Amino acid sequence: MDSQRIYFFGDHGAEGDPARKDILGGKGASLAAMSKAGLPVPPGFIISTACCREFLENDGKWPDGLEVEVKKNLARLERLTGRTYGANPPLLVSVRSGAAVSMPGMMDTILNCGLNPGLAESMGQSFWPVYAQFVLMFGKTVAGIRVAEFEAIEREVMHVEAKPGHDHERADPAARYRELARRYSELYTQKTGRPFPANPRESLTQCIEAVFGSWNNERAVTYRREHDIRGCLGTAVTVQAMFPSEVSGIVFTANPNNIEDGEMVIESAYGLGEAVVSGDVHPDNFIVDRTTYAIKRRTISHKMHRVAALGDDAKQDADATTLTDAQIKELAGICMNIERYFGSPMDIEWGLADGKFSLLQSRPIRGLEIVEDIEVGRKEEIHRLRELEGSNRKVWIQHNLSETLPTPTPLTWDIVRRFMSGNGGFGRMYRDFGYTPSPTVCEQGFLELICGRIYADPQRAAEMFWSGMPLCYDLNALAKNPKLIDAAPSGFDAERADVAFLANLPGLVRKMMKCSKTMKAVRRTVVERFEQEVLPPYLAWVREKRHQDLQPLSTNELVAELRARMARVLDDFAGESLKPGFFGGIAEASLSGLLEQLMGQETGRQLAMSLTQGLEGDTTVQQGIAMCNVARGRLTLADFIEQYGHRTVEEMELSRPRWREDHSYVTQILGVYLDPSAPSPEAQHTLRAEKREALERTLPGLLAQWGGSSLLEDVLADLQDAQKMLPYRESGKHYLMMGYETIRQVIVELGKRWDLGRDVFFLTLDDLESYETRREALQPVCASRKIRWQSAKRLEMPVVIDTNDLANLGVPKTYEAATELAGEPIAPGVASGIARLVYDPQKAADLCTDYVLVCPSTDPGWAALFVRAKALIVERGGVLSHGAIVARDFGIPAIACPDATRRIPDKTLVRVDGNRGIVTLLSEDAKR
């Protein structure tokens, strides 16, 4: 390893190899490269990533000799700039982090290090605003003081109005900032027990240590875990002369939102660039032609909030442009030179002072390869579907599996597709009932992955029941009502009724009659058989496999172990775990059908949903109760993980770490239950159960009122089965995920063995067999699959794909303004609240209370977000979906409304009518 600790850059040169991001970090490497290219870069020096590693491994002790080297390079920086650190004329520096792999915003930065009260006189009125901001940034970063505490002081000091007879100094901006800096310093002393450092050398030392330490802050650790960043030593630290930007901003040398248009994007604002990057100000925006540098479009922001602090004389410039046309052309030329030098479109931070531009950072535009692949992948998928279409129209319907598996990775899809085939556990359940899936369905299944989403092929789905029987779905009817795919096919394709079909018809009829009898017999004993015969040996097997040491196994043995676990979990057990919930669904549908026939659709459906709420034995409800008990000290986190550690958000995706591996989401969501005013899931469940039981007692009278007393016996029989077996739709999956976790264990071990990490999930099952002999060939394949997986997720996919309209596949829809949206009611009731859009519960911010949760779909990982919700709106799912079941248990209305996340603006006041399936947008301005 290189023994050099510090690398200087600037004055058209740089030490260190810009290719060695592992030493210089990404930020340092780009500054070194631009310096060597003779581009205008403020000088500075880079403390290597190895120093960070030594610092962290030695309990915060600096590596031997590092302090002396910092002093030497700081003196060199003083000589080069002609300024003195911490004295006049002042040299101020930024202290920035920079890992080998970009981790935007995850680690810490401190600007204007070197500021101290001794510079106040020489810097004039500009000193105190900048110094106050430095104290805030230092206190937040070095001492960990919450920004909210600084903001409270800022409101108190800066929002005082001068009045006649009062101290007019309070109205002077410079005086207010001086007072603000004093109060910030007092807060620092109060929180740390020591005065704010007046010695600039001490400040620099603490800033460097803070950046080193930020490598292990919660944000950075979580980011590395979620993005599977491995093998990095730590962060480099870049100490760079501050550029006194009068105007600053960013440039994208290619428009990341539309790279085909030959445009570059320039954003600019007054002051330092940190505000633009962080989003604290709204910048001017210029769209510039990449070839001619002509300005194609411009958007000038209102800047009153920024110039008001400078006094009334500045207000006249509130709507002025930050850059002249000539400056925009000059900046565009500089940035295109950078792109040509690095050989790829770049994201560049810049500053402008005294009419001269300086470059503060450059890096390849993140995710550009994904953006470039979106249209390529879309067109390739259209071509593939055309080939599948052949000479006959085809339709695909988004499958309900997408609720918990929205965009499967290749390895997950390979495994799940087999599970959902006629030969897998799903198909075995049908075969156990006496159905005879076709050979095609047994081998290929009935699901298709289209643009990364799971769709059902109605033609193959119709073959799940009787091989040789020309059953079919009405494609026109499916296109209008995709829910028809959930029922057995009712159509008969006479053109396929050939001689062989007629010859086999008597045998098919006998099979159908036998199947009906078999299903009735299985339904009577399915719960008892599952609990007494199937579950105990399976749980014993899971316990054994969970603790198996996989390291001694050879690679071939590991792959064989993976296939054995797949067979045990997804073939043998999965089919059995699905049966109770399957019959529960049949019973619920029959119950709802009887009541709707008698009372009408809305009243009958609402009654059926109310009669199936607050059921016992639902593991999702039990999980919520257990999580609340952990938060309130009635259960240990270890006990919770022992019971539910095999679960996670989007748990059908095998690449998702289980809670047993990563507790962070669980500990984060516990905060929901810490507030004693938050409803208890146990109390909520008990209330729902009591209401259900009270409603059951009135059922004979209700049926009599509607003239349906003769239906009482049938209604009670369906109700008993529905109440008994519906909880297994969640509990069966709970147990299935226990075995699913053991499958993931083997895959993770292979990823470790091959140093692939999470990229192992971009291989296929066949790839695993041959990876060690085909490593070099498979690595680029794996990388391209990852790009395609990421680009496909950005496409807006419809519920129904029809080959009559393939040209628009993945093209965003346009919606007419509407105040009412129609959907499917899945939990009864009516409520109003502020709509909050959530796509990942692990990234959900504080949603406050009484909100309406709007999301694509839910699974058990979302349960805690129901605690304070007034209603639920999902894009996918039916009456028996996870979201519907949990919503009914919490007693909140729920609606499945297609495209809800695109049609309902965040923080809009909405009314959710779960009885009729109507969402009403009441106000787009209603915010809390």
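Residues numbered from 1 in each chain as written. Predicted model: local features only at pLDDT ≥ 70, side-chain atom pairs only at ≥ 80, totals over all residues. Heavy atoms only, no water.

I keep staring at helix α9 (residues 218-226) and nothing clicks. Help me out?
Structural remark: α-helix, 3.6 residues per turn; residues separated by three or four positions point the same way. Within α9, burial applies to Ala220, Tyr223 and Arg224. The buried side chains of α9 occupy one side of the element, clustering within an arc of 95° when seen end-on. Between the side-chain oxygen of the N-cap and the backbone nitrogen of Ala220 there are 2.6 Å, and the N-cap of α9 in question is Asn217. Just downstream of α9, Asp228 is the residue with a positive phi angle, here 55°. (Buried < 20%, exposed > 50% of the residue type's maximum accessible area, 1.4 Å probe, protein only. Helix = DSSP H or I, 4+ residues; strand = E, 2+ residues; numbered from the N terminus. Arc of directions from axis to C-beta. Polar contact = N/O pair within 3.5 Å; in protein donor to acceptor, adjacent residues only side chain to side chain.)

Explanation requested: the pattern of salt bridges in the structure shown.
Between side chains of opposite charge, pairing is possible as soon as their charged atoms come close. Counted according to the given criterion, the structure contains 61 salt bridges. A salt bridge links Arg386 to Glu389; its shortest N-O distance comes to 3.2 Å. You can see Arg386 and its partner Glu389 sitting in helix α13 (residues 368-389), 3 residues apart, about one turn around the helix. Glu389 sits in the buried class, given a relative accessible area of 16%. (Salt bridge = Lys/Arg side-chain N within 4 Å of Asp/Glu carboxyl O.)

Mind showing me how you'd approach the packing of helix α14 (residues 410-419) against helix α29 (residues 728-753) here?
Packed helices, taken two at a time, are described by the angle between their axes plus the distance between the axes. Running from amino to carboxyl end, α14 crosses α29 at an angle of 135°, the nearest separation of the two axes being 13 Å. As judged from the angle between their axes, α14 and α29 are oblique. As for the relative orientation of α14 and α29, their crossing is right-handed in sense. Residue-level inspection shows Leu411, Thr412, Ile415 and Val416 of α14 in contact with α29, the latter providing Tyr740, Ile743 and Ile747. By residue class, the composition of the contact of α14 with α29 is 6 nonpolar, 1 polar and no charged. (Axes fitted to C-alpha atoms, helices over the stretch in contact; angles between N-to-C directions. Parallel < 35°, antiparallel > 145°, perpendicular 65-115°, else oblique. Left-handed = near helix turned anticlockwise from the far one by under 90°. Contact = heavy atoms within 4.5 Å. Nonpolar A, V, L, I, M, F, W, Y, C, P; charged D, E, K, R; others polar.)

How should the packing of aromatic side chains be read in this particular structure?
Aromatic rings in a pair are described by how distant their centres are and how their planes are angled relative to each other. Under the counting rule described, the total for this entry stands at 35 aromatic pairs. Aromatic pair Phe127 and Trp128: ring centres 4.9 Å apart, planes at 80°, arrangement edge-to-face. Of the two residues, Phe127 and Trp128, both sit in the buried class. Look at Tyr435 and Trp466: their rings are 5.1 Å apart centre to centre, the planes differ by 55°, and that puts the pair in the tilted class. Taken together, the positions of Tyr435 in the loop between α15 (425-433) and α16 (439-444) and Trp466 in the loop between α17 (458-461) and β17 (471-472) put the pair 31 residues apart, joining distant regions of the chain. Relative accessible area serves as the criterion here: at 7%, Trp466 is assigned to the buried category. Counting every residue linked through ring pairs, the aromatic cluster contains Phe426, Tyr430, Phe433, Tyr435, Phe446, Phe465, Trp466, Phe582 and Phe583. The lysine or arginine in question, Lys793, covers the ring of Trp789, its NZ or CZ lying 3.9 Å from the ring centre. (Phe/Tyr/Trp six-rings, centres within 6.5 Å; stacked < 30°, edge-to-face > 60°. Lys NZ or Arg CZ within 6 Å of the ring centre and 35° of its normal.)

When you look at the sheet that holds strand β21 (residues 824-827) in this model, what are you seeing that I'm missing?
Either a parallel or an antiparallel arrangement is found when strands of a sheet pair, and the pairing is made through backbone hydrogen bonds. What the 8 strands build is an open sheet, ordered β20-β27-β26-β22-β23-β24-β25-β21; its pairing is mixed. Where the open sheet ends on each side, the last strands, each with one partner, are β20 (820-822) and β21. Within the sheet, the average angular offset between the axes of one strand and its neighbour, ignoring direction, is 30°. Contacts between helix α32 (residues 882-890) and the sheet are confined to β21, β24 (869-874) and β25 (894-896), with β21 contributing the most and set at about 50° to the helix. (Pairing = 2+ DSSP bridges.)

Looking at this structure, I do not really get the side chain of Arg453. What am I missing?
Assignment of secondary structure puts Arg453 in strand β16 (residues 453-456). A distance of 3.4 Å separates a polar side-chain atom of Arg453 from the backbone oxygen of Lys793. What Arg453 contacts, discounting residues up to four positions off in sequence, is Gln398, Pro406, Thr407, Glu448, Ala792, Lys793, Leu795 and Met797.

Hey, could you run me through a negative patch on the surface in this one?
Together, Glu260, Asp261, Glu369 and Glu372 make up a negatively charged patch on the protein surface. Structurally, Glu369 can be placed in helix α13. Taking the relative accessible area as the measure of exposure, Glu369 reaches 37% and is therefore partly exposed. (Patch = residues over 30% accessible without salt bridge, like charges linked within 9 Å, V, L, I, M, F, W, Y side chains within 5 Å. Areas by Shrake-Rupley, 256 points an atom, 1.4 Å probe, with all protein chains shown as cover. Lys, Arg positive; Asp, Glu negative; His and termini not counted. Charge placed at Lys NZ, Arg CZ, Asp CG, Glu CD.)

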